[in-house]
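Observations on the three-dimensional arrangement
Each chain is listed here by its residues.
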Amino acid sequence: MRRTARRLADGREIIYFDTDPSAPPRRAEDDRELPPQPGPSEMRRDPLSGEWIAMAAHRQTRTYKPPADLCPLCPSSPGRPSEIPETDYEVAVFENRFPSFTRFPGESSSEASASLPTDTSVEHAPARGRCEVVCFTSEHSGSFARLSERQARTVVDAWADRTAELAAQEGVEQVFCFENRGEEIGVTLHHPHGQIYAYPFVTPRTAQHLRVAEEHEKRHGGNVFGDMLAAERSGGERVIVDSEYWTAFVPPAARWPVEVMLAPHRKVPDLVELTDEERDDFAAVYLDVLGRFDRLHDSPLPYIAAWNQAPVNTGRNLSWLHLNVFSVRRSADKLKYLAGSESGMGVWVSDVTPEQVAARLREV
């Protein structure tokens, strides 16, 4: 694979990933007149939960549902420049123009902190990190489910590349690769794409998983995710696909109407550690699962695909890489809304059993 890093007109980085040896050189000749990047974001720690909340008011002006001929993720064409200054591409990754977490080369922590509020009742810090956009294909009307296995494998390699590079940056504690698909999820750009967040802290969900994993190891001597995976493969009732290197299954306590976990059989902390064979196998299994998602109803299923990777500096020995894919659609014409119990107290109530969902996914 050929990897080419360039800069856009406002200094943001763009990286091209090409597997076709005949692909032209990527020059990224971006002649747009762009405003400077927004100032440093702020984050505040919730005094009650201890969780960090990012404040990124500049995102109110981000691009919202543009027509297809003005899509910023399509290749550029004469008279229609986009975020990707090439006439075609395989996979492209670039720094988000409207980031939730920001990083400014050469800016010291003291300079960033000087711009924060002086209110001492709440802990403040610069929301330093990095947000990237991952374009899976140059085809505007496509989707991840319609990629070839080779194309999907290129995306996996791009995720792994970005995970390694972002994890090596100063101050980054966790790298999160994800995709939102469908307006029901809140997607405002329909071009097939995902995102990557490099957080300056360990996320609350991961921190909770690590606490449970540590307690499980002390009590039972094994890895909690590995033990769950072994039980699912042995029982088989909730398994959707079981291949040589990966298993896709509905989690035993699924929160969402449709939810599937994809896990490697070997304990690895992140995407970087996957072998070539494991990456190839994942591409085939994931495309299989997404195809089943889209055959459930008469229209493509909206979903969130969230990679659970080990933090950069903590809990790596407890972590087991996996992808969680879930949808808010509970029937062909109904959505699951997070109402009082879920939103107010974090106590989930499911409208369907995991076994029913698994059976349906196997059928389609």
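Rules used throughout
Residues numbered from 1 in each chain as written. Predicted model: local features only at pLDDT ≥ 70, side-chain atom pairs only at ≥ 80, totals over all residues. Heavy atoms only, no water. Helix = DSSP H or I, 4+ residues; strand = E, 2+ residues; numbered from the N terminus. Buried < 20%, exposed > 50% of the residue type's maximum accessible area, 1.4 Å probe, protein only. Polar contact = N/O pair within 3.5 Å; in protein donor to acceptor, adjacent residues only side chain to side chain. Contact = heavy atoms within 4.5 Å. Phe/Tyr/Trp six-rings, centres within 6.5 Å; stacked < 30°, edge-to-face > 60°. Lys NZ or Arg CZ within 6 Å of the ring centre and 35° of its normal.

**Considerations on the side chain of Asn-324**
- Residue position: Asn-324 is located in strand S14 (residues 322-327).
- A residue is classified by how much of its surface remains accessible, and Asn-324, at 4% relative accessible area, is buried.
- In terms of polar contacts, Asn-324 uses its side chain to reach the side chain of Glu-259, at 3.3 Å.
- In contact with Asn-324, other than residues within four places in its own chain, are Arg-205, Glu-259, Val-260, Met-261, Ile-304, Ala-305, Ala-306 and Asn-308.

**Some details on the packing of aromatic side chains**
- Enumeration over the complete set of coordinates arrives at 21 aromatic pairs.
- Between Trp-256 and Trp-348 the ring centres are 4.7 Å apart and the planes differ by 70 degrees, which places this aromatic pair in the edge-to-face class. Note that Trp-256 is positioned in the loop between strand S11 (246-249) and strand S12 (258-264) and Trp-348 in the loop between helix H6 (340-345) and helix H7 (354-363), a separation of 92 residues in sequence.
- Classification of Trp-256 as buried rests on a relative accessible area of 14%.
- An aromatic cluster is built from Phe-136, Phe-144, Trp-159, Trp-246, Phe-282, Tyr-286 and Trp-307, whose rings are joined through pairwise contacts.
- The ring of Tyr-16 carries the charged tip of Arg-26 above its face, separated from the ring centre by 5.9 Å.

This is a description of form; function is not addressed.
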